Amino acid sequence: QTISLIGVPTDIGAGHRGASMGPEALRVANLALRLERRGLQVVDRGNLHGPINPWQPPTDGYRHLDEVVAWNMAVYTAFHQELSAGHLPIMLGGDHCLAIGSITAVARHCRETGKQLRVLWLDAHSDFNTAQATPSGNIHGMPVACLCGYGPQVLTELGGSAPATTPDVFRQIGIRSVDYGEKQLVREANVGIYDMRHIDEEGMKRVMEQALAGIDENTHLHVSFDVDFLDPSIAPGVGTTVRGGPTYREAQLCMEMIADTGHMASLDIVELNPAFDKRNQTAKLAVDLVESLFGKSTLIRR
Ligand code: ARG
Ligand code: MN
Ligand code: MN
Ligand code: MN
């Protein structure tokens, strides 16, 4: 199977500038070569294009809504095209608002192919804000809500009709920052959240067993990897660090257990921000973890 890399160089939904440099940082960290060395076929589709970041304050609770829609339309089209061709698309973000486009495309592809969708959302944040609940207006804090039908119509109906998907497909892992109003929203929507306390108490192994339960041959597994999932001591190159995240070992185990399912069919790598990084270490770490996501292991297994 061919892996397609799609660069989406924008920070249009973020609260800090710099995630627009994410795609190039991942290329410089040799993402394609590392996957090829694993025996995988990789094509780099280059970068999508869209409006510049006008860096404006929010209007009616949203920052840069028109620009966010334009970028997400481009992602939606490109992602669906790759999925229809039978490829495994990897989005090189870009901030996390772009997961509205990628996951709307994946949800459509699942409807067309009769697959069950499961989304693993690896993140410090639950990204379930609305215009009323958001403390910032930054749309990278809203993609899960938008995908579940809560948000502006231009985003919830990106794929033609809302909602693109439902809260029950999501399993969020590593969560440790949920805003005041957002807490109520995720509770009402009943989003499957494995927060850091749950990981502390049960351990990453049991948490991943729970999050991956029920996945079978008929499942399309999408992984949305927000790099701020990781503890900032190992991954400083993100805009919104939250202390107390998974360690290197915990993150490796998480990725390895996803690989073991054999059902990951699409991936976002988002929120990498080289402006906050040192010597591209966070991009290198992300590539390291993505290798595990594609089955890298110390010994021959199975
Ligand atoms: N909850 C905060 C907000 O709504 C931060 C969101 C961070 N999201 C992210 N994808 N890094 O502004
Ligand atoms: Mn996020
Ligand atoms: Mn399709
Ligand atoms: Mn985050």
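Residues numbered from 1 in each chain as written. Chains lettered and ligands numbered in written order. Predicted model: local features only at pLDDT ≥ 70, side-chain atom pairs only at ≥ 80, totals over all residues. Heavy atoms only, no water.

Caption draft 1: Representation of the nonpolar core in the model. Ile90, Ile173, Phe225, Ile258, Leu267, Ile269 and Phe294 are the most contacted members of the largest nonpolar core, which totals 48 residues. Element by element, the count of residues in this core is highest for helix H11 (residues 281–293), at seven residues. Each residue touching Phe225, except ones within four places of it in the same chain, is listed here: Leu122, Leu230, Met255, Leu267, Asp268, Ile269, Val270, Ala286 and Leu289. Counting 47 residues, the second-largest nonpolar core is a separate cluster that includes Val8, Val144, Ala164 and Ala189. (Core = buried A, V, L, I, M, F, W, Y, C linked by side-chain atoms within 4.5 Å. Buried < 20%, exposed > 50% of the residue type's maximum accessible area, 1.4 Å probe, protein only. Helix = DSSP H or I, 4+ residues; strand = E, 2+ residues; numbered from the N terminus. Contact = heavy atoms within 4.5 Å.)

Caption draft 2: Structural view of the coordination of the manganese ion (ligand 2). Protein coordination at the manganese ion (ligand 2): the donors are His96 (ND1), Asp123 (OD), Asp127 (OD) and Asp226 (OD), at 2.0 to 2.2 Å from the metal. Ordering the donors of the manganese ion (ligand 2) by residue number gives the pattern H-x26-D-x3-D-x98-D. The distance between the manganese ion (ligand 2) and the manganese ion (ligand 4) comes to 3.2 Å, and Asp123 binds to both of them. One end of the pair, His96, is in the loop between strand S3 (88–93) and helix H4 (99–113); the other, Asp127, is in the loop between strand S4 (116–122) and helix H5 (143–147), and 31 residues separate them in sequence. Judged by its relative accessible area of 0%, His96 is buried. Its relative accessible area of 5% is what places Asp127 among the buried residues. (Donors = N, O, S within 2.8 Å, 3.2 Å for Na, K, Ca; no water.)

Caption draft 3: Expanded view of the environment of Val8. Mapping Val8 onto the fold places it in strand S1 (residues 2–8). Take Val8: its relative accessible area is 1%, and that puts it in the buried class. For the pair Val8 and Arg118, spaced 110 residues apart in sequence, the C-alpha separation works out to 23 Å. With near-sequence residues (within four places) excluded, Val8 lies in contact with Pro23, Asn47, Leu48, Trp71, Val75, Met91, Leu92, Gly93, Gly94 and Leu98.

Caption draft 4: Summary view of the pairing of strand S8 (residues 264–270). Among the seven residues of S8, seven are classified as buried, and the element is accordingly described as predominantly covered. Relative to S8, S3 runs parallel, the two sharing three bridges. Bridging from a neighbouring strand, Ile90 pairs with Leu267 of S8. Pairing of strand S7 (residues 219–226) with S8, which is carried by six bridges, proceeds in the parallel orientation. (Pairing = 2+ DSSP bridges.)

Caption draft 5: Quick peek at the coordination of the manganese ion (ligand 3). His80 (NE2), His109 (ND1) and Glu112 (OE) make up the full set of protein donors to the manganese ion (ligand 3), lying at 2.1 to 2.8 Å. Taking the relative accessible area as the measure of exposure, His80 reaches 10% and is therefore buried. Under the relative-accessibility criterion, Glu112 is labelled partly exposed at 44%.

Caption draft 6: A look at the packing of aromatic side chains. Taken as a whole, this structure holds three aromatic pairs when the rule is applied. Ring centres of Phe225 and Phe229 lie 6.4 Å apart, and the angle between their planes is 85°; on these two criteria the pair is classed as edge-to-face. A relative accessible area of 0% places Phe225 in the buried class. Accessibility expressed as a relative area gives 0% for Phe229, which makes it buried. (Phe/Tyr/Trp six-rings, centres within 6.5 Å; stacked < 30°, edge-to-face > 60°.)

Caption draft 7: Inspection of the side chain of His109 at higher detail. If you trace the backbone, His109 turns up in helix H4. With residues near it in sequence (within four places) discarded, His109 still touches His80, Leu83, Ser84 and His220.

Caption draft 8: Representation of empty space enclosed by the protein. Counting across every chain of the model gives one cavity of 30 Å³ or more. The space that makes up the largest cavity amounts to roughly 30 Å³. Considering the residues around the largest cavity, the lining is formed by Ala14, Gly15, His16, Ala19, His140, Gly239, Thr240, Glu271 and Asn273. Here the lining of the largest cavity is composed, by residue class, of two nonpolar, six polar and one charged. (1 Å grid on protein atoms, 1.4 Å probe; cavity = no way out; pocket = protein on both sides within 12 Å on 5 of 7 lines; lining within 4 Å. Points joined across faces, edges and corners; volume = space filled by probe spheres on them. Nonpolar A, V, L, I, M, F, W, Y, C, P; charged D, E, K, R; others polar.)

Caption draft 9: Structural detail: the layout of surface pockets. One number sums up the size of the largest pocket: a volume of about 380 Å³. Forming the walls of the largest pocket are 17 residues, and the residues nearest its centre are Glu256, Lys296, Ser297, Thr298 and Arg301. Mapped onto the lining of the largest pocket, the elements with two or more residues apiece are helix H10 (248–261) and H11. It is H10 that contributes the most residues to the lining of the largest pocket, eight residues altogether. Classifying every residue of the lining of the largest pocket gives five nonpolar, five polar and seven charged.

Caption draft 10: Highlighting unusual backbone geometry. Note that the residue after Gly93, namely Gly94, is joined by a cis bond; omega there is 10°. Summarising the element assignment, Gly94 is placed in the loop between S3 and H4. Going from Ala162 to Pro163, the amide bond is cis rather than trans, its omega being -10°. Located in the positive-phi region is Trp55, a residue other than glycine, with phi close to 55°. Structurally, Trp55 is set in the loop between strand S2 (41–47) and helix H3 (65–84). Trp55 gets classed as partly exposed once you look at its relative accessible area, which sits at 38%.

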